[in-house]
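# Architecture and fold: a report
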Amino acid sequence: MSAAAADLEARQLRILGRIADLELAAQQRRLGALAISAAPSEDGEADAGTTEARLSALLAARGVREFAFRRVPADYYDRPLEERRGLLRADSVAQLCKSIVMVNTQAAADVVDCSNPKNSKYYVIVVQYMAWLNAENIKNFLYELNEKQIPKKRFNMRLAPEEESHKLTGFVHNAVTCIGMETNIPVIIDEAITKLDEDFFWLGGGEVDLKLGMRTSQFLSAFSPFVVKCS
């Protein structure tokens, strides 16, 4: 190889190395925007007792690394979806989701808790705000999940009363999230959420004015919810 060719190759390698460094820095900035954002206390340390810190620790322990918390105004739920999207800096309103507790009102008398994920008294359903929940689809899924050994009439999913939801999850209305609940309730996520191009969705964050967003793929891997066509 001539000296000129060697010099050209060396310069190309330096350029490629610089490009790689820039790409890495950009990636780190993107991840930084999604990093844990526990609020510091007066002494500069995160208050481990806050909802945000508690949920952050739970997510990190499960291997969820890309997530974010956002505080929203008190009138958040009075605003249209597009304004909510803007407040959360979400890519689309399709990413805005909610966790709702549903109860099987026709479960057998011995089905009183959530110990059997296939035949639980309660389920938490994660669904988009823009979607229309189809309880019949959930009923059919549970019937098939139990290999049709339980009569279909034994599945009748309805919205759980607010006081029951609060007792089971530990979260009040408009703050419910499927992360860090008081009870280990089986989770069903709408298939449509898992098919979003952005691989990111938002849901309640444990407080009315706190919202939690995370990578859908990481959520699926960490919590293994049932994926069902709910809408």
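The structure presented is a predicted model; accordingly, all values stated were derived computationally and were not measured. (Residues numbered from 1 in each chain as written. Predicted model: local features only at pLDDT ≥ 70, side-chain atom pairs only at ≥ 80, totals over all residues. Heavy atoms only, no water.)

Ranked by size, the top nonpolar core spans 32 residues in total, and within it Val 126, Cys 178, Ile 179, Phe 201, Met 214 and Phe 219 carry the most contacts. If you list the elements that add at least two residues to this core, you get helix H2 (51-61), strand S1 (67-71), strand S2 (97-104), strand S3 (122-128), strand S5 (187-190), strand S6 (200-207), strand S7 (210-215) and helix H7 (216-223). Residues contacting Cys 178, with those up to four places away along its chain left out, are Ser 99, Val 124, Val 126, Val 187, Leu 203 and Phe 219. In terms of nonpolar packing, the next biggest core, distinct from the first, is built from 14 residues, Met 102, Ile 138, Leu 142 and Val 228 among them. (Core = buried A, V, L, I, M, F, W, Y, C linked by side-chain atoms within 4.5 Å. Buried < 20%, exposed > 50% of the residue type's maximum accessible area, 1.4 Å probe, protein only. Helix = DSSP H or I, 4+ residues; strand = E, 2+ residues; numbered from the N terminus. Contact = heavy atoms within 4.5 Å.)

A word on the sheet that holds strand S4 (residues 157-159). Read from one edge of the open sheet, 5 strands run S4-S2-S3-S5-S8, paired in mixed fashion. Unpaired on one side and paired on the other, S4 and strand S8 (226-228) mark the two borders of the sheet. Across the sheet, the mean angle from the axis of one strand to that of its neighbour is 35°, orientation sign disregarded. Relative to S5, S3 is paired through 3 bridges, and the arrangement is parallel. Its bridge partner being in S5, Val 126 is matched across the sheet by Ile 189. (Pairing = 2+ DSSP bridges. Axes fitted to C-alpha atoms, helices over the stretch in contact; angles between N-to-C directions.)

Let us now look at the sheet that holds S1. If you trace the 3 strands from one edge of the open sheet to the other, you get S1-S7-S6, paired in antiparallel fashion. The open sheet has two edge strands, S1 and S6, and neither has a second partner. Across the sheet, the axes of successive neighbouring strands diverge by a mean angle of 25°, strand direction being ignored. Here S1 runs beside S7; their pairing, made up of 5 bridges, is antiparallel. Considered in S7, the bridge of Arg 70 is made with Lys 211. Contacts from H7 reach S6 and S7, with the element oriented near 85° to S7.

With that settled, consider the pairing of S3. With 7 of 7 residues buried, S3 is to be regarded as a mostly interior element. Both S2 and S3 contribute to a ladder of 7 bridges, which runs antiparallel. Paired with Ser 99 across the strands is Val 126, a residue of S3.

Once that is clear, we can look at helix H4 (residues 135-145). The set of residues buried in H4 consists of Ile 138, Lys 139, Leu 142, Tyr 143 and Leu 145. Projected onto a plane normal to the axis of H4, the buried residues spread over an arc of 165° and lie on a single side. Buried residues belonging to H4 abut S2, S3, S4, S5 and S8. Once H4 ends, the next one or two residues include Glu 147, with phi positive near 55°. (Arc of directions from axis to C-beta.)

One pass over the full model with this rule turns up 0 disulfides. A disulfide-free cysteine, Cys 178 has its sulfur positioned 9.8 Å from the sulfur of Cys 97, the nearest such atom. (Disulfide = S-S within 2.5 Å.)

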